Amino acid sequence: MSSERAYEVIVMGATGFTGRLVAEYLLEHGPEGLRWAMAGRSPVKLEEVRKELAQRFPSALDVPLVTADSMDRGSMDALAQQTTVVCTTVGPYAKYGEALVAACAEHGTHYVDLTGEVQFIRRMIDGYEDQARASGARIVHCCGFDSIPSDIGVFMLGEAMAERGGTLKEVHMYAGESRGQFSGGTVASLLNILEEAEKDPSIRKVVGHPYGLNPEGERDGPDGRDQTGVKFDKEIGMWTAPFVMAAINTRIVRRTQSLRGHPYGRDFKYREVMSTGKGTPGLMRAMTITGSLGGFMAAATVGSLRNLMASRLLPKPGQGPDRKTREEGFFVIRMIGHGVGPAGDQVELQARIEGHKDPGYGETAKMIGESALCMALDESVRTGPGGSWTPASAMGRALLDRLRTAGMTFDVKVPATA
Ligand SMILES: NC(=O)c1ccc[n+]([C@@H]2O[C@H](COP(=O)([O-])OP(=O)(O)OC[C@H]3O[C@@H](n4cnc5c(N)ncnc54)[C@H](OP(=O)(O)O)[C@@H]3O)[C@@H](O)[C@H]2O)c1
């Protein structure tokens, strides 16, 4: 498929804050000779972005521009037919994303995005998975901070357990220290989920279901609701609070298990929380986070307050943190994996996943950039079966290797006491 198309990758939404960073990532880290283009709805803005990028990367002037409107199906068809992979940062996806998924599914074009909107993903699976299977299009949502560290982290633990002759049975994920702010687009997406859920009870059902993204007939298992309050976790000896991304990450990890044929058995368990530290400071942090999150959600479910939050909290479209803030950002995630060894013994493994720039922009641009390259260039991934996949089920080992090479930490160790 790739050789007869003009481009290997098109970055759709290159005029937005995140899209521009993805374009910058490809200019800095894309392989020599990569055939790629930048797309957006405004040719004038695209030209401005290209000129701006050329100040740091003169080769940007050679990158072709494609004008395309996300709300116009014909325009999305034309875009999808020109490339092996579309990498899109146009969101909120529930508002602007459907025509592009439909076009990719029809034309056998691989697709990666940054959505964290469960209801949108469910709608895309139900609407276009059969067509994507038939055309060979590989549709992969959630290729940013949500949900690559979680999905690829569990994949890595599963492989490490298998190398020791064992089987992974349960993973506890702890989101730890981080610096960096949420993307404005991410807050906009969250507010949009709440707005849609208010209008449509079936959306509330999907968003609240721990297995809401699994295929039909596979929507049950041992996991329940995500943590909503403060808890002391004996396993790590720390206080914990709810982790806002758990609502999407856990669903993606569980869909991966189903799509991979339940490699760890149907009783595999997965949960995510935020670890806030030991003693009274840890407890206070957990209470503050839980309270703020509860307050945010309560306010955001009231239409008028939601609009006020959108106007006050959201950066203007195309805006986000400056380079210094992105470079000084980081995140740390720990996972504890429990498994059964070859002799039926209990095996414990620990994983550490780190990003060395801010999670929402710097590391996200890296993760979706590497996902696009992986889908376009890694033969076994590019030629894999079509359908609606997750990062780990579509790209697994190939993406893990790429992210390590790109400087992210994905480490596994046996705990000293085991
Ligand atoms: N998962 C993660 O970790 C993560 C991290 C960062 C961002 N995100 C997601 O990425 C998305 C973008 O975030 P952002 O902060 O980069 O937002 P942004 O700066 O507002 O960029 C939005 C982009 O969408 C484009 N767009 C809007 N409507 C369009 C249309 N009809 N046709 C073509 N293009 C259209 C905009 O084009 P114009 O320039 O012409 O307006 C712009 O390029 C959000 O959904 C956000 O949730 C996710």
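The sections below set out a description of the structure shown in this document. (Residues numbered from 1 in each chain as written. Predicted model: local features only at pLDDT ≥ 70, side-chain atom pairs only at ≥ 80, totals over all residues. Heavy atoms only, no water.)

Let us now look at the pairing of strand E1 (residues 7-12). Buried residues dominate E1, accounting for six of its six residues. With five bridges joining them, E1 and strand E4 (residues 83-88) adopt parallel strand pairing. When the sheet's bridge partners are listed, valine 9 is paired in E4 with valine 85. The handedness of the E1 to strand E2 (residues 36-40) crossover, carried by helix H1 (residues 17-29), is right-handed. (Buried < 20%, exposed > 50% of the residue type's maximum accessible area, 1.4 Å probe, protein only. Helix = DSSP H or I, 4+ residues; strand = E, 2+ residues; numbered from the N terminus. Pairing = 2+ DSSP bridges. Right-handed = clockwise from strand over helix to strand, strands pointing away.)

Moving on, we come to the environment of glycine 237. The residue glycine 237 is located in the loop between strand E8 (231-233) and strand E9 (238-241) in this model. Expressed as a C-alpha distance, the spacing of glycine 237 and serine 135, which sit 102 residues apart in the sequence, is 50 Å.

Here we take up the packing of aromatic side chains. All chains considered together, the criterion is met by five aromatic pairs. An angle of 55 degrees between the planes, with centres 5.2 Å apart, marks the rings of tyrosine 264 and phenylalanine 268 as tilted. Each member of the pair, tyrosine 264 together with phenylalanine 268, is buried. (Phe/Tyr/Trp six-rings, centres within 6.5 Å; stacked < 30°, edge-to-face > 60°.)

Moving on: the sheet that holds strand E11 (residues 330-340). What the seven strands build is an open sheet, ordered E8-E9-E10-E7-E11-E12-E14; its pairing is mixed. Edge positions in the sheet fall to E8 and strand E14 (409-413), since each has one partner strand and no second. Sheet twist, expressed as the mean angle between neighbouring strand axes with direction ignored, is 30 degrees. Examined bridge by bridge, strand E12 (residues 346-355) and E14 share five bridges and lie antiparallel to one another. Following the sheet pairing, glutamine 350 is matched in E14 by lysine 413. (Axes fitted to C-alpha atoms, helices over the stretch in contact; angles between N-to-C directions.)

The next subject is the side chain of glutamate 363. Note that glutamate 363 resides in helix H14 (residues 359-377). Judged by relative accessible area, which is 0%, glutamate 363 ranks as buried. Among the polar contacts listed, one links the side chain of glutamate 363 to the side chain of lysine 366, at a separation of 3.0 Å. Look past the residues within four positions of glutamate 363 in its chain and what remains in contact with it is Phe331, Gly355, His356, Lys357, Asp358 and Met408. (Polar contact = N/O pair within 3.5 Å; in protein donor to acceptor, adjacent residues only side chain to side chain. Contact = heavy atoms within 4.5 Å.)

The next subject is the side chain of glutamine 257. The residue glutamine 257 is located in helix H10 (residues 246-259) in this model. In this structure glutamine 257 touches Val154, His262, Pro263, Tyr264 and Phe268, once residues within four positions along its chain are discounted.

This part covers the site of the ligand. In the vicinity of the ligand there are 29 residues, among which Thr15, Thr18, Arg41, Asp146 and Gly318 approach most closely. For the ligand, an oxygen atom lies 2.6 Å from a polar atom in the side chain of threonine 15. In the environment of the ligand, an oxygen atom lies 2.8 Å from a nitrogen or oxygen atom belonging to the side chain of arginine 41. Starting from 930 Å² of accessible surface for the ligand in isolation, the protein chains cover 93%. Elements that contribute at least two residues to the shell around the ligand include exactly H1, helix H8 (184-199) and H14. For the shell around the ligand, the domains that each give at least three residues are domain 1 (7-145 + 362-403) and domain 2 (148-358 + 408-413). (Near = heavy atom within 4 Å. Areas by Shrake-Rupley, 256 points an atom, 1.4 Å probe, with all protein chains shown as cover. Domains from an automatic or database assignment.)

Judged by pairing direction, the sheet is parallel, and its seven strands sit side by side in the order E3-E2-E1-E4-E5-E6-E13 without closing on themselves. With partners counted over all chains shown, the strands left at the sheet margins are strand E3 (65-67) and strand E13 (387-389), one partner each. Within the sheet, the average angular offset between the axes of one strand and its neighbour, ignoring direction, is 20 degrees. In the sheet, E2 pairs with E3 via three bridges, with the strands oriented parallel. Along E3, the bridge assignment pairs glycine 40 with threonine 67.

Further remarks concern helix H3 (residues 73-80). Listed as buried for H3 are Ser75, Met76, Asp77, Leu79 and Ala80. In this structure aspartate 72 caps H3, since a side-chain oxygen of it lies 2.9 Å from the backbone nitrogen of glycine 74.

Looking now at the layout of surface pockets. Considering only enclosed or pocket space, the second largest pocket measures out at about 310 Å³ in volume. Forming the walls of the second largest pocket are 15 residues, and the residues nearest its centre are Arg334, Met335, Gln350, Ala351 and Lys413. With four residues, the top contributor of residues to the lining of the second largest pocket is E12. Grouping the amino acids of the lining of the second largest pocket by side-chain chemistry returns seven nonpolar, two polar and six charged. (1 Å grid on protein atoms, 1.4 Å probe; cavity = no way out; pocket = protein on both sides within 12 Å on 5 of 7 lines; lining within 4 Å. Points joined across faces, edges and corners; volume = space filled by probe spheres on them. Nonpolar A, V, L, I, M, F, W, Y, C, P; charged D, E, K, R; others polar.)

Turning to the environment of glutamine 82, a few remarks are in order. Tracing the backbone through its elements, the reader meets glutamine 82 in the loop between H3 and E4. Separated by 129 residues in sequence, glutamine 82 and tyrosine 211 place their C-alpha atoms 35 Å apart. Among residues more than four places away in sequence, those in contact with glutamine 82 are Arg5, Ala6, Tyr7, Ile10 and Val66.

Turning to the packing of helix H6 (residues 118-135) against H10, a few remarks are in order. Relative to each other, H6 and H10 sit at 30 degrees, their axes nearing to 10 Å. Residue-level inspection shows Val118, Ile121, Ile125 and Glu129 of H6 in contact with H10, the latter providing Ala247, Ile248, Ile252 and Arg255. In the contact of H6 with H10, the residues fall into six nonpolar, no polar and two charged.

Counted by the stated rule, this structure contains 28 salt bridges. In this structure, the salt-bridge partner of lysine 169 is aspartate 267, at a minimum N-O distance of 3.3 Å. Taken together, the residues span a long stretch of sequence, with lysine 169 in strand E7 (residues 167-179) and aspartate 267 in the loop between H10 and strand E10 (269-277) at a distance of 98 residues. Under the relative-accessibility criterion, lysine 169 is labelled partly exposed at 25%. (Salt bridge = Lys/Arg side-chain N within 4 Å of Asp/Glu carboxyl O.)

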